[in-house]
Amino acid sequence: MQIPNQETIIALSTAPGVGAIAVIRLSGTESIRIVNGVFHGKNLNVQKSHTAHFGTIREDDSEDGKQGRIIDEVLVTLFIAPRSFTKENVVEISCHGSPFIVQQIIKLFLKKGVRLAKPGEFTQRAFLNGKFDLAQAEAVADLINADTEAAHRAALNQMRGGFSDQIKQLRQELIHFASMIELELDFGEEDVEFADRQDLKDLVAKLLSVITLLANSFDLGNVIKNGVPTVIAGKPNAGKSTLLNALLNEEKAIVSDIAGTTRDFIEDEINLEGVVFRFIDTAGLRETEDKVEAIGVSRTREKMKQASLIIYLFDMKNDSLVEIHRDINMLENLGVPFIKVGNKVDEAQPELYEPLKKDNDVLFISAINKENLEALKNKLVETVNLDNFKTGDTVVTNIRHYDNLIQTQNALIAVMQGLDSDITGDFLAMDIRQALHYLGEITGEITTDDLLANIFSKFCIGK
Ligand code: GDP
C-alpha cells in the first residue's frame, strides 16, 4: 500500500562527521526523478532497481547558460518501489565523507522541494507501507544500538519476525472466538452459543501460558539489552574503589586511605561473555555520623534496592565476624541477589578466614593484587542465566512489549474468570477485546498517532 505522491525525504544515513564515504538517502515516489535532475552520468529514470551508477552531482546551470559547479563525484544506488527499505523509490548517494559536501548536496535537494526526514521517518514509512510490523521496526533501532553479541542476536531475531509471528497467530485465534461471541450477541434473546465455552477456555489457557512465558523472558531480555545494574557495597575502606578499578582496569574511582572518600557514584560497565554489568560504586553500607557520608549511605540503600545484583565486599584485614554476619543478614532481608566477597586476603586475619572458609559461597580476593578476580567474574556471569537464550527461545527485550504482555495477561485472566463464573457474552466480549487490543499494539495492528510518534522519535535522523 504505497501512498502516492508521498513527499520525498532526505537525510544523511551514515554517522555525522568526517569519513571516507558518507551515504545520503532519499525516499519517496519522486526521489529517482529528482536525483536524476542533478546527476550527470546516465539517465537514472531508465535504470533497473538495485543498480549503482557513477557520475557527478552538479549545481543548476546559471541563467546565462554557465554550467553548474560540480559538488562531488558520487555513486548512486537505486531501489525501485516496492523493493526498497521503505517500499518507496529510494536513492542512496555515496559521496565523499566531508560534512561540507554532505551539506551542499542536501541543500541542493532541499531547493528541489525535498524535505529533511524526521527521526526514524524512513523506518516509520517502512512500517506504514507494510514492510514490517511495529515490533520489527523497533528491532531496527535495537539492532543499530546493540553493543553485545547477545543484544545483537535478540534484535536480529526480533527484526526477522520471530516474536511477531507468535503474537499474530495467537491474536488470530482469539479474533475468531471474539467474532463468534459478537455473533451470539447479535442474536440476543435467542440464547444461542456459537463459541464453544470449553474450546474458548482451552484457547485462553494456551494463550496465557505463551504470554506468561514471553513476559517472563523480559527479565533476561532486559539484561541482554540494558545490562545488569550492579552495586559494590561494603564499609568505607573495604576496597570497593580498588576492586572497581581492578575490574575496569583503569583509574576511574578515587582510591584513598581515608575512610569514606568515595562519595560520588561512578557508573561504569564491563562486558563479560556478552553480558554488560553496569557498576555503581558506593560510599558505604552503614549510617555514620559524618553528614556527607550519611547522604551517601542513604543513597547507597536506594541504589542497592534498584540494583539487580550486589557484590558485598568485606575487609578480611579489619572487619569482625559479627559485622560481616550482620551485613549479610541485612542483605538477605533486602531481597536483591548478592555475592559475598572477602577482600584483602593478602593480609587476612586468620581467625576470620577459618570460619568464613566453611561457607562455599564466599569468594576471597585481593583487589589490590588482582588476585582471584577471574572467580568473581565467573560468579557474575553465572548469576545471569543466558542458557535459555542460547536454545533460541524468543526473548522480549522491549519494555513497551512487556507492558502490553502484562496487560494482555490481565485481560485474559479476566476472560478465564468470566468463563468460570458463566458471565454473559457481552462482558466476555469486552475482556476479549481488551486482550486483542493490547496484543495488537505490540505488532502495530492497532496503533495511534501518539504511539507511533513516541516510538519513532527515539530513532536517529536518517534511520
Ligand atoms: P573503599 O572505601 O571501599 O572504596 O576502599 P578503597 O578502594 O579506597 O581502599 C581502601 C584501602 O584499602 C586502600 O588503602 C587500598 O589500597 C586498600 N586495599 C584495597 N584492596 C586491598 C587488598 O586487596 N589488600 C590490601 N592489603 N589492601 C587493599
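Residues numbered from 1 in each chain as written. Predicted model: local features only at pLDDT ≥ 70, side-chain atom pairs only at ≥ 80, totals over all residues. Heavy atoms only, no water.

Draft legend 1. Quick peek at helix α8 (residues 240-248). With nine of nine residues buried, α8 lies mostly within the body of the structure. The complete set of buried residues in α8 reads K240, S241, T242, L243, L244, N245, A246, L247 and L248. (Buried < 20%, exposed > 50% of the residue type's maximum accessible area, 1.4 Å probe, protein only. Helix = DSSP H or I, 4+ residues; strand = E, 2+ residues; numbered from the N terminus.)

Draft legend 2. Here's a closer look at the sheet that holds strand β7 (residues 115-116). Taken in spatial order, the seven strands of this open sheet run β3-β4-β5-β6-β2-β1-β7, and their pairing is mixed. Edge positions in the sheet fall to β3 (39-40) and β7, since each of these pairs with one other strand and no more. Summarising the sheet, β3 and strand β4 (residues 51-58) pair through two bridges and their orientation is antiparallel. By the bridge assignment, H40 is partnered in β4 with T56. Packed onto the sheet, helix α3 (residues 121-128) meets β1 (9-12), β2 (21-27) and β7 and runs at close to 135 degrees relative to β1. (Pairing = 2+ DSSP bridges. Contact = heavy atoms within 4.5 Å. Axes fitted to C-alpha atoms, helices over the stretch in contact; angles between N-to-C directions.)

Draft legend 3. How the structure looks around the environment of P229. Locating P229 in the fold gives a position in strand β8 (residues 228-233). Overall, the relative accessible area of 16% leaves P229 in the buried class. Separated by 40 residues in sequence, P229 and E269 have C-alpha atoms that sit 9.0 Å apart. Contact partners of P229, with chain neighbours within four places excluded, come to R278, I280, Q306, A307, S308 and L309.

Draft legend 4. View of the environment of F109. Relative to the helices and strands, F109 resides in helix α2 (residues 99-111). Since its relative accessible area comes to 0%, F109 is described here as buried. For F109 and I34, which are 75 residues apart along the polypeptide, the C-alpha to C-alpha distance reads 7.9 Å. Non-local contacts of F109, meaning those with residues more than four positions away in its chain, are made with I10, L26, I34, V35, V38, I93 and V114.

Draft legend 5. Layout of a nonpolar patch on the surface. A cluster of nonpolar side chains, contributed by L183, F187, V192 and F194, occupies part of the molecular surface with about 300 Å² of accessible area. Mapped onto the elements of the fold, L183 is located in helix α6 (residues 162-187). (Patch = residues over 30% accessible without salt bridge, like charges linked within 9 Å, V, L, I, M, F, W, Y side chains within 5 Å. Areas by Shrake-Rupley, 256 points an atom, 1.4 Å probe, with all protein chains shown as cover. Salt bridge = Lys/Arg side-chain N within 4 Å of Asp/Glu carboxyl O.)

Draft legend 6. Representation of the packing of aromatic side chains within the structure. In this structure the tally under the stated criterion is five aromatic pairs. Here the aromatic rings of F85 and F132 are separated by 5.8 Å at their centres, their planes lie at 65 degrees, and the arrangement is edge-to-face. One end of the pair, F85, is in the loop between β5 (70-79) and β6 (90-96); the other, F132, is in the loop between α3 and α4 (134-145), and 47 residues separate them in sequence. The class for F85 is partly exposed, based on a relative accessible area of 26%. Residue class for F132 comes out buried when judged on its relative accessible area of 13%. Residues Y312 and F314 carry aromatic rings whose centres are separated by 5.4 Å and whose planes lie at 40 degrees to one another, so their mutual orientation is tilted. A single burial state applies to Y312 and to F314, both of which are buried. Geometry around F122 places R25 over its ring, the cationic atom sitting 4.4 Å from the centre. (Phe/Tyr/Trp six-rings, centres within 6.5 Å; stacked < 30°, edge-to-face > 60°. Lys NZ or Arg CZ within 6 Å of the ring centre and 35° of its normal.)

Draft legend 7. The arrangement of the UniProt feature "binding site: (6S)-5-formyl-5,6,7,8-tetrahydrofolate" (unreviewed entry) in the protein chain in detail. Under the local residue numbering, the UniProt record ascribes the feature "binding site: (6S)-5-formyl-5,6,7,8-tetrahydrofolate" (unreviewed entry) to R25, E92, K131 and K463. Tracing the sequence through the fold places R25 in strand β2. Beyond its immediate stretch of four places on either side in the chain, R25 contacts I9, I10, A11, S13, F85, V90, V91, E92, F122, G462 and K463. In this structure, E92 sits in strand β6. Contact partners of E92, with chain neighbours within four places excluded, come to V23, I24, R25, L75, V76, T77 and F79. (UniProt positions renumbered as here; feature names shortened; annotations may be inferred.)

Draft legend 8. Representation of helix α15 (residues 425-443). In this model, α15 (19 residues) spans 27 Å end to end at C-alpha, consistent with the 27 Å of a helix rising 1.5 Å per residue. Looking one or two residues beyond α15, the residue adopting positive phi is G444, at roughly 90 degrees. (Expected span 1.5 Å × (residues − 1).)

Draft legend 9. How the structure looks around the side chain of H53. Mapping H53 onto the fold places it in strand β4. Among the polar contacts made by the side chain of H53, one reaches the side chain of K42 at a distance of 3.0 Å. Those residues within four positions of H53 in sequence are excluded, and the remaining contacts are F39, K42, L44, Q47, V74, L75, V76 and L78. (Polar contact = N/O pair within 3.5 Å; in protein donor to acceptor, adjacent residues only side chain to side chain.)

Draft legend 10. Structural view of the packing of helix α14 (residues 399-420) against α15. Where α14 contacts α15, the two axes come as close as 8 Å, and the packing angle between them is 165 degrees. Considered as vectors, α14 and α15 are oriented roughly antiparallel to each other. For the pair α14 and α15, the sense of crossing is left-handed. Only L428, D431, I432, Q434, A435, Y438, L439, E441 and I442 of α15 make contact with α14, whose side of the interface consists of R400, H401, N404, L405, Q407, T408, A411, L412, A414, V415, G418 and L419. Of the residues belonging to the contact of α14 with α15, the class tally is 12 nonpolar, six polar and three charged. (Parallel < 35°, antiparallel > 145°, perpendicular 65-115°, else oblique. Left-handed = near helix turned anticlockwise from the far one by under 90°. Nonpolar A, V, L, I, M, F, W, Y, C, P; charged D, E, K, R; others polar.)

Draft legend 11. Region of interest: a negative patch on the surface. A surface patch of like charges, here negative, comprises E193, D196, D199, D202 and D422. On the secondary structure map, E193 appears in the loop between α6 and α7 (197-226). Judged by its relative accessible area of 54%, E193 is exposed. (Lys, Arg positive; Asp, Glu negative; His and termini not counted. Charge placed at Lys NZ, Arg CZ, Asp CG, Glu CD.)

Draft legend 12. Local environment of the pattern of salt bridges. Inspection of the entire model under this criterion finds 22 salt bridges. Among the salt bridges present, the one from K317 reaches E347, with a minimum N-O distance of 3.3 Å. One end of the pair, K317, is in the loop between β11 (309-315) and α10 (321-334); the other, E347, is in the loop between β12 (338-343) and α11 (350-357), and 30 residues separate them in sequence. Judged by relative accessible area, K317 falls into the partly exposed class, the value being 37%. The network of salt bridges with shared partners includes E7, E88, R115, E121 and R125.

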